[in-house]
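# Observations on the model geometry
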Amino acid sequence: NLVIFQQELTRAHQRLLLAQREVQRLLYLETNAGSAASDVLDRADVNVPAGKDAVDDALAHNPRVLSQRLRVELARERQKFQFNQTLPSLDVRSSLGLRSDGTDYGAAWEKFTAAPLLEAEVGVRVSVALDRNAVDANLEAADVDVAREEAELERVENNVRVDVENAVAQLRTDIAHAASA
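Predicted model, so just to flag it, every value in this text is computed and none were measured.

## Brief notes about the environment of I175
Looking at where I175 falls in the secondary structure, it is placed in helix α6 (residues 133-180). Accessibility expressed as a relative area gives 13% for I175, which makes it buried. Between the alpha carbons of I175 and L16 there is a distance of 6.3 Å; along the sequence they are 159 residues apart.

Right, here's the structure in full:
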């Protein structure tokens, strides 16, 4: 019975160490930060992160969540671009010129205020696409892309949330096993 007890104690210590490393990995911390299974036996109070705090830290630092947030942001920017493509375009052009009367440029500049030598043009062009099917289809595709990326972000966040909650629960269970052993 003593041999079986020692084996169970060793397994509990190993499970505790694995659970601590899993929590540290999920929290994106250094995995060899000096925590060991024997730490439970050395002190009565074990620093187990609160479930909500651990989840918040994981959501703030997990690379999968961060990369998915960037994908959502990129999809939203594409959506804004496609929306701008649906708007009419407005082009404004202006020019100011000096017409010469055959004399040299110096003499032409002296007569700058004379009306026949000054030329000015102003132009405005408004363009509206007559066939908006392609533009509207691109906007709808961008809307769908944003919705898909947001759903993927929610899925990734839920997976991380479940992983962290499971790791914290396993850590608490292993601490209880090691303390009872």
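## A few points about the confidence of the model for the protein chain
Looking at the protein chain, the pLDDT average stands at 78 and 73% of residues meet or exceed 70. Mean pLDDT across the elements of the protein chain ranges from a minimum in helix α2 (residues 39-42), with 48, to a maximum in helix α4 (residues 63-86), with 93.

## Observations regarding the pattern of salt bridges
Inspection of every chain in the model, using the stated rule, returns 10 salt bridges. A salt bridge links E157 to R69; its shortest N-O distance comes to 3.2 Å. Of this pair, E157 sits in helix α6 while R69 sits in helix α4, and the two are 88 residues apart along the sequence. Judged by relative accessible area, which is 17%, E157 ranks as buried. Since its relative accessible area comes to 33%, R69 is described here as partly exposed.

## Concerning the side chain of T86
Positionally, T86 belongs in helix α4. Taking relative accessible area as the criterion, T86 reaches 9% and is therefore assigned buried. Among the polar contacts made by the side chain of T86, one reaches the main-chain carbonyl oxygen of F83 at a distance of 2.4 Å. Leave out the neighbours within four places in its chain, and T86 touches R132, V135, D136 and L139.

What counts, and where the lines are drawn
- Residues numbered from 1 in each chain as written.
- Predicted model: local features only at pLDDT ≥ 70, side-chain atom pairs only at ≥ 80, totals over all residues.
- Heavy atoms only, no water.
- Helix = DSSP H or I, 4+ residues; strand = E, 2+ residues; numbered from the N terminus.
- Buried < 20%, exposed > 50% of the residue type's maximum accessible area, 1.4 Å probe, protein only.
- pLDDT = per-residue confidence, 0-100.
- Salt bridge = Lys/Arg side-chain N within 4 Å of Asp/Glu carboxyl O.
- Polar contact = N/O pair within 3.5 Å; in protein donor to acceptor, adjacent residues only side chain to side chain.
- Contact = heavy atoms within 4.5 Å.

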